[in-house]
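Each chain, letter by letter, is given below.
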Amino acid sequence: IRPKSSLRAMPPSQRAPPTHSEEPRAMVEERTSRRALVMGATGFVGRALVPALVQTGLEVRATSRNVEHATQMAHVEWVRCDVEQHADVERALTDVDAVYFLVHAMGGGSHDYAQTELRVARLLRDAAARANVKRIIYLGGVEPAVAPSEHLKSRLAVGDVLREGSVPAIELRASMIIGAGSASWQIVRDLAMRLPAMLLPSWTASRTRPVALEDVIVALVRALDVPLPESAWYDIPGPDTVSGREILATIAAIRGRRVPSMPVPFLSVSLSSWWLKLVTRADFSLARELVLGFSGDLLPKDERYWSEIHYTPEWSFEAAARKALANEATSSDFRGLAGRLEERVVQLVAPKL
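All chains use their own residue numbering, which begins from 1 and follows the written sequence. For this predicted model, a pLDDT threshold of at least 70 governs which residues receive local features, and a threshold of 80 or more governs which side-chain atom pairs are given and counted, while totals over whole chains, interfaces and linings are taken from all residues. Processing note: side-chain calculations cover all non-hydrogen atoms of the structure and skip hydrogens and water entirely.

A. Examining the packing of aromatic side chains more closely. Aromatic rings from Phe, Tyr and Trp, with only the six-membered ring used for Trp, were paired whenever their centres fell within 6.5 Å, and each pair was classed as stacked if the ring planes differed by under 30 degrees, edge-to-face if by over 60, and tilted otherwise. One pass over the structure, following the stated rule, counts four aromatic pairs. On the basis of an interplanar angle of 35 degrees and a centroid distance of 6.1 Å, the ring pair of Phe101 and Tyr138 is categorised as tilted. Residue Phe101 is located in strand S4 (residues 98–101), and its partner Tyr138 is located in strand S5 (residues 135–141); the two are separated by 37 residues in the primary sequence. Just as Phe101 is buried, Tyr138 falls in that class too. Here Trp306 and Tyr311 contribute two aromatic rings whose centre-to-centre distance is 5.7 Å and whose plane-to-plane angle is 50 degrees, an arrangement assigned as tilted. Linked through ring pairs, Tyr234, Tyr305, Trp306 and Tyr311 together constitute an aromatic cluster. Throughout this description, the term charge over a ring refers to an Arg CZ or Lys NZ atom that lies within 6 Å of the ring centre and within 35 degrees of the ring normal. Positioned over the ring face of Trp233 is Arg173, at 3.9 Å from the centre of the ring. Over the ring of Trp233 we find Arg304; its NZ or CZ atom is 6.0 Å from the centre of that ring. Numbering of helices and strands runs from the N terminus; a helix is a DSSP stretch of H or I covering at least four residues, while a strand is a stretch of E covering at least two. To sort residues, take the accessible area from a 1.4 Å probe on protein chains only and compare it with the maximum for the residue type: under 20% means buried, over 50% means exposed, and anything in between is partly exposed.

Structural data, given as structure tokens:
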């Protein structure tokens, strides 16, 4: 997988992250008088989105059930909020112009997360209308070429619910988001780094368009200003089309690994997902749901959103993967025997990042 330009080929240490300095001046000037609410502000995407919004001059309100654990910063008002409680949601929406909805209930072994997500989406949609919110921005998942997994079905259903309301909603659909802290990235990263050999079922030939966290943040920030006469959804694909096999091989190669592989056409997605219990640090119930969503191609319908916001995704899959690995190189977030063995292998055979 080769970067598509010399910019993408530059090492992460020599590349500045995407900024918003090239946005039309009118967009920036109009935005400074508005307040945005970020629901799910302590999650993987939310933690990156909040400072990016502050950088544009916006007033930002951020929600968490545990505000004492949130990172405090200037121009950010933290509000304690349980998204399943009407009073909490209504209080958070007071005097807000736009709301980012980055909340999901999957993980932790819950079997009714889909019902919870729909209930919370309806609560937010109706409360936003009563609060005279001007726009809802939701980060969802790509619609697959085959029947969706329960996880993707829930993501798409939440988007439908939000777009059915009277408040215009813009739904941005991403496949795998590449960045340290992303659950989907964690899974493929651990598989590539920890398996002594890879069994490659036929479903690993499925293709997708991973997108870097940095490009997702630009997409979310500029969603505030996309003309939106009525609710709409857009795919936000990364620049590279890659298969599951290519994803694993590229990550392994970045760390200097050459992992033996063997095609196993009869191994189903469901059976394969049980590898994760032994290999990945991600929550198993969450990891299994994400892998089940990869039973067919996860490709965008089009790339029109990037034209709408006058932006071209800057990070190839390889460049984004290199940065994610570099960012976690100093982390001590390794648990159990598999983590200790991985650290030892990296010390012995992998090049330093």
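B. Structural detail: the sheet that holds strand S1 (residues 35–39). Here, strands pair whenever DSSP counts at least two bridges between them. A sheet is described by the order of its strands in space; here seven strands give the open sequence S3-S2-S1-S4-S5-S6-S11, paired in parallel fashion. The outermost strands of the open sheet, each flanked by one partner alone, are strand S3 (76–80) and strand S11 (232–235). Shown here is a sheet whose adjacent strand axes are inclined to one another by a mean of 20 degrees, direction ignored. Across five bridges, the pairing between strand S2 (residues 59–64) and S3 is parallel. If you follow Ala62 over to S3, its bridge partner there is Trp78. Against the sheet, helix H5 (residues 113–130) contacts S1, S4 and S5, and its axis sits at roughly 175 degrees relative to S4. Here a residue-residue contact requires only that any non-hydrogen atoms of the pair lie within 4.5 Å. Lines fitted to C-alpha atoms define the axes here, with helix axes fitted over just the stretch in contact, and angles between the N-to-C directions of these axes take values from 0 to 180 degrees. The sheet contacts of helix H8 (residues 213–222) involve S4, S5 and strand S6 (169–174), and relative to S5 the element is tilted by about 155 degrees.

C. Here's a closer look at the pairing of S2. Burial within S2 is extensive, with five of its six residues counted as buried. Pairing between S1 and S2: five bridges, direction parallel. Within S2, the position partnered with Ala36 by the bridge is Val60. Running through helix H3 (residues 44–55), the crossover from S1 to the neighbouring parallel element S2 is right-handed. Orient the strands so they point away from the viewer, and a crossover whose first-strand-to-second-strand path over the helix runs clockwise is right-handed.

D. Expanded view of unusual backbone geometry. For His75, which is not glycine, the phi dihedral falls at a positive 70 degrees. Inspection of the secondary structure puts His75 in the loop between S2 and S3. Among the residues examined, His75 registers a relative accessible area of 62% and is labelled exposed. Phi is positive for His310, close to 55 degrees, though the residue is something other than glycine.

These figures come from the coordinates and say nothing about function on their own.
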